[in-house]
Amino acid sequence: MAGGGGGRGKRKKLQFSKIYSFRCGKQSLQDDHSQIGGPGFSRVVYCNEPDCFEAGIRDYASNYVSSTKYTLATFLPKSLFEQFRRVANFYFLVSGILAFTPLAPYTAVSAIVPLIIVVGATMVKEGIEDWRRKQQDIEVNNRKVKFHKGNGVFDYTEWKNLRVGDIVKVEKDQFFPADLLLLSSSYEDAICYVETMNLDGETNLKLKQALGVTVALQEDSDIRDFKAIVKCEDPNANLYSFVGTMEFEEQQHPLSPQQILLRDSKLRNTDYIYGAVIFTGQETKVIQNSTDPPSKRSRIERKMDKIIYLMFFILFLISFIGSIFFGVYTRDDLQNGRMKRWYLLPDDTTAYFDPRNAPLAAIYHFLTALMLYSYFIPISLYVSIEIVKVLQSMFINQDVHMYYEEADKPAHARTSNLNEELGQVDTILSDKTGTLTCNSMEFIKCTVAGIAYGRGITEVERAIDRKKGSPLRNDGVNGDVDLLSSNAKSSIKGFNFRDDRIMNGNWVNEDNADVIQKFFRVLALCHTAIPEVDEETGKVSYEAESPDEAAFVIAAREIGFEFYQRAQTSISVKELDLAFGKKVERVYQLLNVLEFNSTRKRMSVIVRDEERKILLLSKGADSVMFERLANNGKSFEEDTMEHMNEYADGGLRTLIIAYRELGDDEYTKFSKKFNEAKNSVSADRELLIDEAAETVEKDLILLGATAVEDKLQNGVPDCIDKLAQAGIKIWVLTGDKMETAINIGYACSLLRQGMKQIIISLESPEILALEKAGDKNVLGKASQESVLRQIKDGKKLLDASKGSTTEAFALIIDGRSLTYALKDDVKNLFLQLAIGCASVICCRSSPKQKALVTRLVKSGTGKTTLAIGDGANDVGMLQEADIGVGISGVEGMQAVMSSDIAIAQFRYLERLLLVHGHWCYRRISTMICYFFYKNITFGFSLFLFEAHTAFSGQSAYNDWFLSLFNVFFTSLPVMALGVFDQDVSARFCLRFPILYQEGVQNVLFSWRRILGWMGNGFTSAIIIFFFCIKALEEQAFRDDGQVAGYAIFGGIMYTCVVWVVNLQMALAVSYFTLIQHILIWGSIAIWYLFLVIYGAMSPTFSTTAYNLFIEALAPSPSYWIVTMFITISALVPYFTFSALQMRFFPMFHGTIQWIRHEGFSEDVEYCDMVRQSSIRPTTVGHTARLAAKSRREQNDNFGLG
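The notes below deal with the structure included here. (Residues numbered from 1 in each chain as written. Predicted model: local features only at pLDDT ≥ 70, side-chain atom pairs only at ≥ 80, totals over all residues. Heavy atoms only, no water.)

### Brief notes about unusual backbone geometry
Okay, step 1: In the Ramachandran plot, Asp59 falls in the positive-phi region, its phi being about 50° despite a non-glycine side chain.
Okay, step 2: Within the element layout of this structure, Asp59 appears in the loop between helix 2 (53-56) and helix 3 (75-84).
Okay, step 3: Its relative accessible area of 65% is what places Asp59 among the exposed residues.
Okay, step 4: Positive phi, normally seen in glycine, also occurs at Ala449, with a value near 55°.
Okay, step 5: The topology assignment puts Ala449 in the loop between strand 18 (437-448) and strand 19 (451-453).
Okay, step 6: The class of Ala449 is buried, set by a relative accessible area of 14%. (Helix = DSSP H or I, 4+ residues; strand = E, 2+ residues; numbered from the N terminus. Buried < 20%, exposed > 50% of the residue type's maximum accessible area, 1.4 Å probe, protein only.)

### Section: the sheet that holds strand 32 (residues 839-842)
Okay, step 1: Pairing within the open sheet is mixed, and its nine strands lie in the order 16-35-34-33-17-29-32-31-30. Looking at the sheet topology across the chains shown, the edges are occupied by strand 16 (412-413) and strand 30 (756-760).
Okay, step 2: Examined bridge by bridge, strand 33 (residues 864-869) and strand 34 (residues 883-887) share four bridges and lie parallel to one another. When the sheet's bridge partners are listed, Ala867 is paired in strand 34 with Gly884.
Okay, step 3: Contacts from helix 23 (residues 827-835) reach strand 29 (729-733), strand 30, strand 31 (809-813) and strand 32 within the one sheet, and its direction differs from that of strand 31 by about 140°. (Pairing = 2+ DSSP bridges. Contact = heavy atoms within 4.5 Å. Axes fitted to C-alpha atoms, helices over the stretch in contact; angles between N-to-C directions.)

### Quick word on the side chain of Ser971
Okay, step 1: Along the chain, the position of Ser971 falls in helix 29 (residues 971-980).
Okay, step 2: Relative accessible area serves as the criterion here: at 4%, Ser971 is assigned to the buried category.
Okay, step 3: At a separation of 3.3 Å, a polar atom in the side chain of Ser971 contacts the main-chain carbonyl oxygen of Asn966. (Polar contact = N/O pair within 3.5 Å; in protein donor to acceptor, adjacent residues only side chain to side chain.)

### Things to note about the packing of helix 32 (residues 1007-1032) against helix 37 (residues 1117-1144)
Okay, step 1: Across the interface, helix 32 lies against helix 37 with an axial gap of 9 Å and an inter-helix angle of 155°. Taken together, helix 32 and helix 37 sit at an angle that is classed as roughly antiparallel. The hand of the helix 32/helix 37 crossing is right-handed. On helix 37, the residues that touch Trp1013, Asn1016, Thr1019, Ser1020, Ile1023, Ile1024, Phe1027, Cys1028 and Ala1031 of helix 32 are Val1122, Phe1125, Ile1126, Ser1129, Ala1130, Pro1133 and Tyr1134.
Okay, step 2: Across the contact of helix 32 with helix 37, the residue classes tally to 12 nonpolar, four polar and no charged. (Parallel < 35°, antiparallel > 145°, perpendicular 65-115°, else oblique. Left-handed = near helix turned anticlockwise from the far one by under 90°. Nonpolar A, V, L, I, M, F, W, Y, C, P; charged D, E, K, R; others polar.)

### As for the pattern of salt bridges
Once their charged atoms are close, side chains differing in charge can pair, the charge on each being opposite to the other.
Okay, step 1: Applying the stated criterion across every chain yields a total of 40 salt bridges.
Okay, step 2: Glu126 is the salt-bridge partner of Lys69, the closest N and O atoms lying 3.4 Å from each other. Separated by 57 residues along the polypeptide, Lys69 in the loop between helix 2 and helix 3 and Glu126 in helix 5 (residues 108-141) bring together distant segments of the chain.
Okay, step 3: Lys69 sits in the buried class, given a relative accessible area of 12%.
Okay, step 4: One salt bridge connects Asp399 with Arg911, and the closest N-O pair in it is separated by 2.5 Å. With Asp399 in the loop between helix 10 (380-397) and strand 16 and Arg911 in helix 27 (residues 908-948), this pair connects stretches of sequence that are 512 residues apart. This pair shows no difference in class: Asp399 is buried, exactly as Arg911 is.
Okay, step 5: Residues participating in the shared-partner salt-bridge network are Arg602, Glu627, Arg628, Glu694 and Glu697. (Salt bridge = Lys/Arg side-chain N within 4 Å of Asp/Glu carboxyl O.)

### Topic: the nonpolar core
Okay, step 1: Counting residues in each nonpolar core, the largest one holds 107 residues, and the members touching the most others are Tyr957 and Trp1087.
Okay, step 2: Among the elements that line this core, the one with the most residues is helix 27, at 16 residues.
Okay, step 3: If we ignore the near neighbours within four places in the chain, the residues touching Tyr957 are Phe938, Ser941, Leu942, Leu962, Tyr1046, Gly1050, Met1053, Tyr1054 and Val1057.
Okay, step 4: Counting 77 residues, the second-largest nonpolar core is a separate cluster that includes Val522, Val593, Phe674 and Leu702. (Core = buried A, V, L, I, M, F, W, Y, C linked by side-chain atoms within 4.5 Å.)

### Quick word on the environment of Tyr908
Okay, step 1: Within the element layout of this structure, Tyr908 appears in helix 27.
Okay, step 2: As a C-alpha pair, Tyr908 and Val716 span 192 residues in sequence and 9.2 Å in three-dimensional space.
Okay, step 3: Ignoring any residue separated from it by four or fewer positions in sequence, one finds Tyr908 in contact with His401, Met402, Tyr403, Tyr404 and Ile903.

### Let's talk about a negative patch on the surface
Okay, step 1: A contiguous patch of negative charge on the surface is contributed by Glu638, Asp639, Glu642 and Glu646.
Okay, step 2: Among the structural elements, Asp639 can be located in helix 15 (residues 637-649). (Patch = residues over 30% accessible without salt bridge, like charges linked within 9 Å, V, L, I, M, F, W, Y side chains within 5 Å. Areas by Shrake-Rupley, 256 points an atom, 1.4 Å probe, with all protein chains shown as cover. Lys, Arg positive; Asp, Glu negative; His and termini not counted. Charge placed at Lys NZ, Arg CZ, Asp CG, Glu CD.)

### Describing the packing of aromatic side chains
Okay, step 1: If you walk through the whole model with that rule in mind, you get 48 aromatic pairs.
Okay, step 2: Where Tyr542 meets Phe563, the ring centres are 5.6 Å apart and the plane angle is 15°; that geometry is what we call stacked. One end of the pair, Tyr542, is in strand 21 (residues 540-543); the other, Phe563, is in strand 22 (residues 562-566), and 21 residues separate them in sequence. As far as burial versus exposure is concerned, Tyr542 and Phe563 are alike and both buried.
Okay, step 3: Judged by centre distance (5.1 Å) and plane angle (40°), the ring pair of Phe961 and Tyr1054 falls under tilted. Remark: Tyr1054 occurs in helix 33 (residues 1046-1068) and Phe961 occurs in helix 28 (residues 959-969); sequence separation between them is 93 residues. Across the pair, Tyr1054 and Phe961 agree in class, each one buried.
Okay, step 4: Grouped by ring-pair contacts, the aromatic residues Phe938, Tyr957, Phe961, Phe965, Phe969, Tyr1054, Trp1087, Phe1090 and Tyr1094 constitute a single cluster.
Okay, step 5: Positioned above the aromatic ring of Tyr272, the side-chain terminus of Lys169 is 4.9 Å from the ring centre. (Phe/Tyr/Trp six-rings, centres within 6.5 Å; stacked < 30°, edge-to-face > 60°. Lys NZ or Arg CZ within 6 Å of the ring centre and 35° of its normal.)

Here it is in structure tokens:
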């Protein structure tokens, strides 16, 4: 704010503590400070003496912070553990070790090398992702701040070097490097403005004030001899409390949260502050609220482990069965000295085939079979999925529809592990400030003297109009259509008001000009904003504690009531004088400010005008203002209430504006009582202040009401509506006040008129009375009982409405109540209530509470959760959720660096989930099912051949055929499916949100579908093997009359497997691209090419495949006929099932494919009918808002009839 020296000098003279109550600034030593020195309150800080012996022995944490998952020492063991907790990787590790024994049916190298490649590639990817986190930590730890070197000299040092007890000097717009005790500031009374956006998401500035005894520390040299001892609470996660005392000059002074400046909050509108470091590094409150970055695995990947367990069971079962048969056959090889299978030389063999020790031979065979049938377990599955997910992430990153041109920010999938989870999200837990909103407030409408002014159209109204297909409405009086496009919007931040009746000074021609004058005068005077005049242009800008307060002052300025100067006890305004018809400068003496809080829900100022009249100017919520109106001050009450309801329907935040004139005697009496209350140090100080304010905030005269739009990000209502139609539940977790959160709920259509609100809070008179009494044990017990009772009452209300398709409920709970609702004996009941409501809004939530709520929803519902936020206060929530989405907005990069996916705007969530999420889920699900299908087809054909050969352990295929099946002949087409396949286009994904339910219900990766693909694999293997056997046995295969031998049989059967599994892929593909054609037909061609090249090599290398294709297979017509016949036969079962399902029992995507195929995609009525099946009766969004309004109108018409 005060950029120049002149502004700084002016600001130092202001002593706002004489006007404001600063009710948190003074505390009694009896209030919570008796615990100092006890358990949990043992911290001792030696201010300005970090090197003293007493400080050294306490060994407090350094100020270095780390958000990485690994360190240099832990990377290898921890990353290896991450890889080998995958059961398939562990199995192949064991198989690789066994491959070094004579039992192995293949060489050890062929077993170990693929495993090293798979594990190594994944570890490299994990290392790169963690290195990026490390770079962010380095940037934060190396930030510079001024600290006291000694002798009153300050010099820059890095954040990581700070120690407990250091004195630092933080300058305007810098972040606090640690948790600091405020000692003094550039203001004479040691106040400062703090922005806590990174902590609680709030954009309004907080006022902090140092103790009076340290106010004199105004210059660097004053710090030289400063010494103090702070005794306070131990490190904890509570952002809103602090208990401690400061011993200074042999006097004890109580400390409160008003003196504490938390790490990652920012100094605003204050030139500098001096502070003592209290908590550092991991002990700071913001870090205490964070959690370690978790190792996230998708549900599909975890289920894949279960499938592999099933495959292990099948593998062990068939190995066990084969070993039993092998043992029996081996035992019977020598019978009465005669050799049945003489060609095996059973009388001269090793232990592996010794008929004299058949049980041992069976055990050896069992181990051999475990390795031979390892092809049931697809080792290339993991590496293929890793590659596919990386490519999917590249498509997400390069999606131009999720590119935010204004900030030059594309979407960024920071990890590719969770792509398919994006298609299964059941609940979204969203931050509010900076995530749903733009952190800006706009004055858009008002009602004065019962007349509505303002032609602006809100985001909610636009969304409803688009839904109805009607042109945008005009709120003016002239009847012309007001399109109010984005290009026509005001360039003045915070002001989007349009009405010629009162703009440009035209308000003087209105019949109620005197009321309009008083209305905007209240807006110009009733606030705590500070003006800043640009010396070059003369323009006035404002720094306010909240964005809506700034919007009011700007609105008053634009109408003609310009607040331009604030002095110690006065406010100066330029306004139009009705009597003289010209602009004049008026100075109002500022007598008192009665501050806003969540209990009062109003703010007032008392001023004396130039005519010596004492005026009380007030603004507040309708719930507390209407009851304070005088009987003669209600002239416009009904009209004002009607307009406010209209504004609420449009998603606007409203405040009542009123005033009254005070007599001198009445003010004198109030002033005495107010000053006594303000100076009190008793526990009930706040109550005394409120009681004093109550004596004058009555008999008010209504002037009108304001309507400001808590500006949503572009497209938020539409996005929420589409996500709601997809069946996704949306919770809002915010650090904002309940009133603010509720207003945003209306603005983005999470709440609507007629929706029943279940509000759980601890603002009842009984609880407030117990707070006054100060007995914490009694208060805690009563609070828990109150919350439990409110939850049970809400549950009864919910149960009573079951069966109703029209009633919708919203649950709204504050942070204090949430503390008790999350306790072990209450949280399940709270979750039951919450999931029964259409909307859930948690207000005043700390970062820890956000994470705990996310954990409760994730574990309690067992469904996929997605958390989205943009500030450091959202990090715990993002890490706790199954998927963390960071908004790369204005609050820094903390959320983005802790997220799994980063997007620039909330609206991109629609495309991220409904398009990319659905595609990725379907691709990965089909890909995994197909992998098991092809490996079962291949592996079971090995088993059938071994059964046919008396379980001899002989493989049907050449060693290199075995090694390259998953690498060259079948892997590329399935990877192309995982990257390119689309069941429906992006346009249809967005047009029919019902499609998303396939992922939420997990229909594409259910056990029924998995077992169906497995069954298809067994069927294909049986058809291939037995048709080959029957086609080739006991008949000539070659021209010279030779029958098909072992090598020929293996070559033909392998050819059939390659053809069948690749054409099966072709049948499974919904969206063919040139790449898929090339890879499917190319894989088959590569098999033939390999057979020719490999067969041409030396027999010592090619063994059974020597010239197999050129001399045996290709010249024989039987080979081509058998291949074609068996391929078609093996594909018939799947083709028949798919055709019947598509025709008679289509899935969601099948229905939409039929719509496109039959040409119904342009039939609006038919498409709406299909779409409606996805909309829940108690859903949210402007679709539900429109439906509810339609039902109300129908009921009204029915009632009139």
